[in-house]
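Examining the three-dimensional arrangement
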Amino acid sequence: MSNPVKDIFDQESIMKDIAERENIICNYKKSGLLDRDHAIKKIQELRISDEDIAVATSVKLAISSISFNQATNAQIVGELIMQRDILQAKLTKNRWRRRNEYEYIKTKT
């Protein structure tokens, strides 16, 4: 069984990361402007702190690699979209796991 307090903390952290990326993506789509330094900082932070993002990035970089300095705004936003999508999948997976654990506990009582 999982630790409910840790699960809540993890869920809140994932939702915060999703919201930050969604905000940057939406602002770029609406205005065409991107705070590159802020976006790159967010990308790098998650590459370091999230194992799933690190693995996906490693696979992607093995195929094609470009430095942030050479990347277009669209490429940077594409990386944010990839991270957001992975985080959304992770959040959904965690919710299903918790729901299944709850259902299992309910059947045992």
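Quick caveat: nothing in here was measured; it's all calculated off a predicted structure. (Residues numbered from 1 in each chain as written. Predicted model: local features only at pLDDT ≥ 70, side-chain atom pairs only at ≥ 80, totals over all residues. Heavy atoms only, no water.)

As a further point, take the environment of N3. Tracing the sequence through the fold places N3 in the segment before α1 (4–31). On a C-alpha basis, the gap between N3 and M82 in space is 28 Å, while along the polypeptide they are 79 residues apart. (Helix = DSSP H or I, 4+ residues; strand = E, 2+ residues; numbered from the N terminus.)

Looking now at the nonpolar core. In terms of nonpolar packing, the biggest core is built from 12 residues, these being I24, I25, Y28, L34, A39, I40, I43, F68, A71, I76, V77 and L80. Only α1, α2 (36–49) and α4 (73–108) provide two or more residues apiece to this core. Once you skip the residues sitting within four places of it in the chain, A71 turns out to touch R36, I66 and I76. Core analysis: the second largest hydrophobic core is formed by six residues, I18, L46, L87 and L91 among them. (Core = buried A, V, L, I, M, F, W, Y, C linked by side-chain atoms within 4.5 Å. Buried < 20%, exposed > 50% of the residue type's maximum accessible area, 1.4 Å probe, protein only. Contact = heavy atoms within 4.5 Å.)

This prediction gives the protein chain a mean pLDDT of 89; 92% of its residues lie at or above 70. Ranking the helices and strands of the protein chain by mean pLDDT puts α2 first, with 96, and α4 last, with 86. (pLDDT = per-residue confidence, 0-100.)

Between two packed helices, what matters for the description is the angle formed by their axes and the separation of those axes. The geometry of α1 relative to α2 is characterised by a closest axis approach of 11 Å and an angle of 150° between their N-to-C directions. As far as their axial angle goes, α2 and α1 are roughly antiparallel. In this structure, the crossing between α1 and α2 has a hand that is left-handed. Contacts between α1 and α2 involve D17, E20, R21 and I24 on the former and, on the latter, H38, A39, K42, I43 and L46. Partitioned by chemical class, the residues of the contact of α1 with α2 number four nonpolar, one polar and four charged. (Axes fitted to C-alpha atoms, helices over the stretch in contact; angles between N-to-C directions. Parallel < 35°, antiparallel > 145°, perpendicular 65-115°, else oblique. Left-handed = near helix turned anticlockwise from the far one by under 90°. Nonpolar A, V, L, I, M, F, W, Y, C, P; charged D, E, K, R; others polar.)

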